[in-house]
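Chain and residue survey
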Amino acid sequence: MRAETISTAERDALASVPTGLYIDGRWVETSATMPVHDPATGATLLEVADASPDDGLAALAAAARAQAGWAATPPRERADLLMRAHRTMLDETERLALIMTMEMGKPLTEARGEVSYAAEFFRWFAEEAVRSDGGYLPAPGGGARFLVAKQPVGPSLLITPWNFPMAMGTRKIGPALAAGCTCVIKPAEQTPLSMLALADILDRVGVPPGVVDVVTTTDPGAVMTPLILDSRSRKLSFTGSTAVGKHLLEQCARTVMRTSMELGGNAPFIVFDDADLDEAVEGALAAKMRNVGQACTAANRIFAQRGIAGEFADRLAARMAALPMGRGTEAGVVVGPLIDADAVAKVERLVTDAVGRGASVRIGGVAADGPGHFYPATVLTDVPDDAELCHTEIFGPVAAILPFDTEAEVIARANDTPYGLVGYVFTENLRRGLRVCEALETGMVGLNQGVVSNPAAPFGGVKESGLGREGGLIGIDEFLETKYIGVRL
C-alpha cells in the first residue's frame, strides 16, 4: 500500500474543484483553511475554506433573501435547471468520480456508479417539481369548499455524510430545489470536494445566487448550531449517526423546525435453507461490500439457517478472499481504504471482541500494514449475539455470520435492536418471504436482492434509524407544507 505519485488526471481533477465557500452565488475565501486527505495514502489533496460561525450566518442570510424569488420561480423552470444539472453530471462522470475516489477512497467503478445514482436524483425531482398536487373538496355539510395547497417549507439546512458524498447531497438538494426551497449545505469534513464540485455545476447551469449555499468547516457545531436556532431556518435534513441526530433533534425542538433524519442501521441479512445460495452470496457481497461496508444499509448481521450456514460461509469466504485490495484509482480494486485511522481501529476492536466471545475468523481479521487506512475483507463465523458488532454498525468489510434454526427465532433476533433502517431476506418461498418482510421492523426490505437504494423509491427507517423519507413519490413532501384554505360560498 505504498503512496503513489499523483497522476495527471488526478491533478487536473483536483485543479477543477473550487476551494472557497459558495455563498450567494460567489466563491468566498476564508483566512482559515482545512486539509482534505487521501485515505489510501494519507497525502493532503487540497486545502479548502474553513468556515466560521459568521460565514454560516452569511450563507443563511443569502438563502433567506433568495427564498421568496425561488419559491415564485415557475416549477417548470426549476425542473429545467435540475435537468441541466443532471446532464452535466453525467457528461462529467469521469472527473467527478475521480474526485470522489481520491477524497473518500471508494473504487472508481463504485464512484462512477455513485455519480450516475446522484445525478438521477436531480432527474427524478425535476420530474416531481411540476407534480406537487393540492385539492378542491366540498365541505361535508355544504356551503363551503376546502382548497388544499402545497407550499415550500422555506430555507433548509442540509447536512451530508462522507460515505456517499455526492449522492447524499443530490438526494437532499434535488427535492429542496424542486419544492421551491433554498438551502445551506454542510458537507462532511472528510469529503468536501465532491460537494464543492457539485456546487460549481449548479452555478454553471444557472441556479440563482443564494438558492444553494455551501459551507465547509472543521467545527460543525459552532457553525451549524446558530443556523439551527435561527428562526429563518425552517427545515433540517441530516444524514449521519443516531447520536448526532438525537442531538440535532433536541436543537430543532427549540424552534419546532421540520426535520428529516437518516440515521444509523444494524441491518439483518437472512438466508433461509431454501434460498438460491448463488443469489444469496451475490446479494451478501452487494449488501456487505458496497463502499467497503461503510454504508448505513450494509448487512451488519448475516443470519444463515443452520442447515446451509457452513456452505454459505464457505462460498462467501471464497468470494471475499478473492477481492483485490488497494487504492481506489487502481484497476480492478474492489476493497479500498476505510475513511480514516479511527475507522480501522473500530473495526479491529469489533473483530477482537467477537473472536474473544467465540467467533471464528474464516478469512482476514488483521489490518493491513503500510500507509493508508486499509482493512481486508473479513468473514467471521459462529458469531454470538452478545458480540459488540451485533449491536453497533461495523462500517467496514466484515461479514459476521450467525446461525439460526427457525423463522420465528430469526425474526425475533433480527428485530432485537433499536435500529430499523433496512433488512434483507433470501428465500424461494414467496409466502415466507412476504411474512418475514412484513415482520421485520425496518423501513425497507430487500427480498432476494442485496441493494435497495433507488431514487424512485422511498428511502428511510423506523425506530432509531430516522424520521421521514428521501426519494420516491413522497420525497418532495419533506420540503413542502400543506395549507388548507376554507372558502365560504
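Heads up: these notes are all about the structure in this document.

Conventions used here
Residues numbered from 1 in each chain as written. Predicted model: local features only at pLDDT ≥ 70, side-chain atom pairs only at ≥ 80, totals over all residues. Heavy atoms only, no water. Helix = DSSP H or I, 4+ residues; strand = E, 2+ residues; numbered from the N terminus. Buried < 20%, exposed > 50% of the residue type's maximum accessible area, 1.4 Å probe, protein only. Contact = heavy atoms within 4.5 Å. Areas by Shrake-Rupley, 256 points an atom, 1.4 Å probe, with all protein chains shown as cover. Lys, Arg positive; Asp, Glu negative; His and termini not counted. Charge placed at Lys NZ, Arg CZ, Asp CG, Glu CD. Patch = residues over 30% accessible without salt bridge, like charges linked within 9 Å, V, L, I, M, F, W, Y side chains within 5 Å. Salt bridge = Lys/Arg side-chain N within 4 Å of Asp/Glu carboxyl O. Phe/Tyr/Trp six-rings, centres within 6.5 Å; stacked < 30°, edge-to-face > 60°. Core = buried A, V, L, I, M, F, W, Y, C linked by side-chain atoms within 4.5 Å. Expected span 1.5 Å × (residues − 1). Polar contact = N/O pair within 3.5 Å; in protein donor to acceptor, adjacent residues only side chain to side chain. Pairing = 2+ DSSP bridges. Axes fitted to C-alpha atoms, helices over the stretch in contact; angles between N-to-C directions. Arc of directions from axis to C-beta. Parallel < 35°, antiparallel > 145°, perpendicular 65-115°, else oblique. Left-handed = near helix turned anticlockwise from the far one by under 90°. Nonpolar A, V, L, I, M, F, W, Y, C, P; charged D, E, K, R; others polar.

Quick look at the overall build of the protein chain
Across its full length, the protein chain holds 14 helices and 22 strands. Taken along the three principal axes of its C-alpha coordinates, the protein chain extends 70 × 65 × 40 Å. Classification of the 489 residues of the protein chain by burial places 57% in the buried group. Across the protein chain, contacts joining residues at least 24 apart in sequence account for 73% of those joining residues at least 6 apart. For the protein chain, the exposed surface amounts to about 18400 Å²; the carbon and sulfur share of it is 53%. Both charge centroids of the protein chain, one from 44 positive and one from 61 negative side chains, sit 7 Å from each other.

Re a nonpolar patch on the surface
A cluster of nonpolar side chains, contributed by Ile485, Val487 and Leu489, occupies part of the molecular surface with about 250 Å² of accessible area. If you trace the backbone, valine 487 turns up in strand 22 (residues 480–488).

A look at the pattern of salt bridges
Summed over the entire model, instances satisfying the criterion amount to 32 salt bridges. The residue glutamate 10 makes a salt bridge to arginine 327 at a minimum N-O spacing of 2.7 Å. Note that glutamate 10 is positioned in helix 1 (residues 8–15) and arginine 327 in the loop between helix 11 (306–321) and helix 12 (341–356), a separation of 317 residues in sequence. For the pair glutamate 10 and arginine 327, one class covers both residues: buried. In this structure, lysine 150 and aspartate 477 form a salt bridge, with 3.9 Å as the shortest nitrogen-oxygen distance. Separated by 327 residues along the polypeptide, lysine 150 in strand 6 (residues 144–152) and aspartate 477 in the loop between strand 21 (466–467) and strand 22 bring together distant segments of the chain. A relative accessible area of 32% places aspartate 477 in the partly exposed class.

Section: the packing of aromatic side chains
One pass over the full model with this rule turns up seven aromatic pairs. Residues tyrosine 22 and tryptophan 27 carry aromatic rings whose centres are separated by 4.8 Å and whose planes lie at 45 degrees to one another, so their mutual orientation is tilted. Judged by relative accessible area, which is 3%, tyrosine 22 ranks as buried. The interplanar angle of 85 degrees and the centroid separation of 5.8 Å between the aromatic rings of tryptophan 162 and phenylalanine 395 together place this pair among those described as edge-to-face.

Description of the nonpolar core
Ranked by internal contacts, the top residues of the largest apolar core, which has 71 residues, are Phe269, Ile270, Phe312, Leu316, Met320, Val383 and Leu389. Excluding its chain neighbours within four sequence positions, the residues that come into contact with methionine 320 are Leu285, Met289, Ile363, Ala377, Thr378, Val379, Pro397 and Ala399.

So, helix 12
Here helix 12 is 16 residues long and its end C-alpha atoms lie 22 Å apart, about the 22 Å a rise of 1.5 Å per residue gives. Elements in contact with the buried residues of helix 12: strand 15 (378–381) and strand 16 (398–404). The opening residue of helix 12, the one whose side-chain oxygen lies 3.3 Å from the backbone nitrogen of aspartate 342, is aspartate 340.

Details of the sheet that holds strand 6
Whenever strands of a sheet pair, they do so through backbone hydrogen bonds, lying parallel or antiparallel. Spatial ordering of the open sheet is given by 5-6-22, a layout of three strands whose pairing is antiparallel. Two strands close off the open sheet at either side, each with one partner strand: strand 5 (135–138) and strand 22. The average angle at which neighbouring strand axes cross in this sheet is 20 degrees, direction not considered. Bridge analysis of strand 6 against strand 22 gives nine bridges, and the strand direction is antiparallel. Note on strand 22: the bridge partner recorded for glutamine 151 is glutamate 481.

Describing helix 8 (residues 220–228)
Regarding helix 8, the residues found buried are Val223, Met224, Leu227 and Ile228. The arc that holds the buried residues of helix 8, viewed along the axis, is 125 degrees, so those residues lie on one side. In this structure, the buried residues of helix 8 make contact with helix 2 (53–72), strand 7 (156–159), strand 8 (183–186), strand 10 (235–239) and helix 9 (242–253).

What to know about the packing of helix 10 (residues 277–289) against helix 11
Packing of helix 10 against helix 11 brings their axes to within 10 Å, and their N-to-C directions diverge by 55 degrees. As far as their axial angle goes, helix 11 and helix 10 are oblique. In this structure, the crossing between helix 10 and helix 11 has a hand that is right-handed. Judged by residue contacts, Leu277, Asp278, Ala280, Val281, Glu282, Ala284, Leu285 and Met289 of helix 10 engage Ile308, Glu311, Phe312, Arg315, Leu316, Arg319 and Met320 from helix 11. Across the contact of helix 10 with helix 11, the residue classes break down as ten nonpolar, no polar and five charged.

A look at the sheet that holds strand 15
Spatially, the seven strands line up as an open sheet ordered 14-15-16-13-12-18-19, and their pairing is mixed. Looking at which strands have only one partner, the edges of the open sheet turn out to be strand 14 (360–363) and strand 19 (444–447). Strand-to-strand, the axes of this sheet are offset by a mean angle of 25 degrees, without reference to chain direction. As judged from the three bridges shared by strand 14 and strand 15, these two strands associate in the antiparallel manner. Looking at strand 15, one finds that valine 361 is bridged to leucine 380. On the sheet, helix 10 packs against strand 12 (267–271), strand 13 (299–305), strand 16 and strand 18 (422–426) and is oriented at approximately 170 degrees with respect to strand 12. Relative to strand 16, helix 13 (residues 407–415) is tilted by about 140 degrees, and along the sheet it contacts strand 12, strand 13 and strand 16.

Some words on the pairing of strand 4 (residues 44–49)
Where strand 3 (residues 33–37) lies against strand 4, five bridges are found, and the strand directions are antiparallel. If you follow threonine 33 over to strand 4, its bridge partner there is alanine 49.

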